[in-house]
Amino acid sequence: MNARNPAPAAPAGHPTRGKGAGPLARVMWATAYLPRGPLGWVNARWTMPMALGPIYPSMAAALQLREDDDLLEVGCGAGLFLAEQAARVGHVAGVDLSPIQVELARRRLADRIAARTAEITLGDAADLPWPDGRFSAVTSIAAFMTFPRPAHVLAEIHRVLRPGGRAVLHIGERTAPRTPTHRGPSGIWVWSETDARHMVERAGFTDVAVSYADASGHRRFARFVNRVAKTQDARLVQGVKV
């Protein structure tokens, strides 16, 4: 896969498929949310990993990974988080809708893929290609707000978790009090804390808890990107499948 490969067709309900999709939405989706073309490749290869890196320690701490875990990341991007955690678990898997991201993740995890302790799949988060109860832990970082059918994605995450499995999901950022759930100018979801919690509970998860992680950390580049994007603290929603 190279920067000139075409992007996959966006799923039904994708903000850029509608006739009313504006130029801002199309630019954001092509470069960041569903990377394609030269700018999308650069963003996927360098910008996004550096901007998201500060969230990874908080996500790993919340997951409490063990040697016998099978870990899935939904919307795995270029695979940096999976690569960081692969040595701590038995098996890692990732799924992403962007061929650019999938190719980068496969390169990063090539040794583990060859050893059959990792797999990276091109696919839709609302239609996961694994059987029921395949994983003991599932995560998603900086992807949930882009899913056109978040309730379907949560149902799929619940399905592929085994009983006792846990999910830790980055579902948007901290919002001001009384902010209603809505879609922003670029078509991404913005949830209130109450709605984010209830959405996970309705998918069948128990012991649902919400916490927040510093999205900028100590990296100057991450601080700059998140200041420009006006990103608040990352909201982590976790739950357990009974």
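Refer to the structure above for everything that follows.
Residues numbered from 1 in each chain as written. Predicted model: local features only at pLDDT ≥ 70, side-chain atom pairs only at ≥ 80, totals over all residues. Heavy atoms only, no water.

**Regarding the nonpolar core**
No. 1: Among the nonpolar cores identified, the biggest contains 60 residues, and Leu-72, Val-74, Phe-144, Ile-157, Ile-171 and Phe-205 are the most heavily contacted of them.
No. 2: Residues in contact with Val-74, not counting those within four places in the same chain, are Val-95, Ala-125, Leu-128, Val-138, Thr-139, Ser-140, Ile-141, Ala-143, Phe-147, Val-153 and Ile-157. (Core = buried A, V, L, I, M, F, W, Y, C linked by side-chain atoms within 4.5 Å. Buried < 20%, exposed > 50% of the residue type's maximum accessible area, 1.4 Å probe, protein only. Contact = heavy atoms within 4.5 Å.)

**A short note on helix H5 (residues 99-108)**
No. 1: Residues of H5 that are buried include every one of Pro-99, Ile-100, Gln-101, Val-102, Leu-104 and Ala-105, and no others.
No. 2: Tucked into the core, H5 has its buried residues touching helix H2 (37-52), strand E2 (91-96) and strand E3 (118-122). (Helix = DSSP H or I, 4+ residues; strand = E, 2+ residues; numbered from the N terminus.)

**Here's the deal with the sheet that holds strand E1 (residues 70-74)**
The strands that make up a sheet are held in pairs by hydrogen bonds between backbone atoms, and each pair lies either parallel or antiparallel.
No. 1: One open sheet accounts for seven strands, arranged E3-E2-E1-E4-E5-E9-E8; its pairing is mixed. Whereas interior strands pair on both sides, the edge strands pair on one side only; in this sheet they are E3 and strand E8 (205-213). On average, each strand axis in the sheet is inclined to that of its neighbour by 15°, with strand direction left out of account.
No. 2: Pairing of E1 with E2 involves five bridges; the strand directions are parallel. In the strand pairing of E2, Leu-71 is matched with Val-92.
No. 3: Its contacts with the sheet place helix H7 (residues 150-160) against E1, strand E4 (135-140), strand E5 (161-173), E8 and strand E9 (234-241), and it is angled at close to 150° to E5.
No. 4: Against the sheet, helix H8 (residues 193-202) contacts E5, E8 and E9, and its axis sits at roughly 145° relative to E8. (Pairing = 2+ DSSP bridges. Axes fitted to C-alpha atoms, helices over the stretch in contact; angles between N-to-C directions.)

**A look at the packing of H2 against H5**
For any two helices packed against each other, the geometry is given by the interaxial angle and the distance between the axes.
No. 1: Put simply, H2 and H5 touch, their axes get as near as 10 Å, and they point 40° apart. Taken together, the axes of H2 and H5 lie oblique to each other. When the axes of H2 and H5 are compared, the crossing they make is right-handed. Counting all contacts with H2, which are made through Gly-37, Gly-40, Trp-41, Ala-44, Arg-45 and Met-48, the residues of H5 involved are Ile-100, Gln-101, Leu-104 and Arg-108.
No. 2: Split by residue class, the contact of H2 with H5 holds five nonpolar, three polar and two charged. (Parallel < 35°, antiparallel > 145°, perpendicular 65-115°, else oblique. Left-handed = near helix turned anticlockwise from the far one by under 90°. Nonpolar A, V, L, I, M, F, W, Y, C, P; charged D, E, K, R; others polar.)

**Details of the packing of aromatic side chains**
No. 1: Per the stated rule, a full pass over the model turns up five aromatic pairs.
No. 2: When the centroid spacing of 5.2 Å and the interplanar angle of 70° are considered together, the rings of Phe-144 and Phe-147 count as edge-to-face. Per residue, the accessibility class of Phe-144 equals that of Phe-147, and both read buried.
No. 3: Cluster of aromatic residues (ring-pair linked, three or more members): Phe-144, Phe-147, Trp-189 and Trp-191.
No. 4: Across the ring face of Phe-135, the terminal group of Arg-134 is positioned such that the distance to the ring centre comes to 5.0 Å.
No. 5: Over the ring of Tyr-212 we find Arg-174; its NZ or CZ atom is 3.9 Å from the centre of that ring. (Phe/Tyr/Trp six-rings, centres within 6.5 Å; stacked < 30°, edge-to-face > 60°. Lys NZ or Arg CZ within 6 Å of the ring centre and 35° of its normal.)

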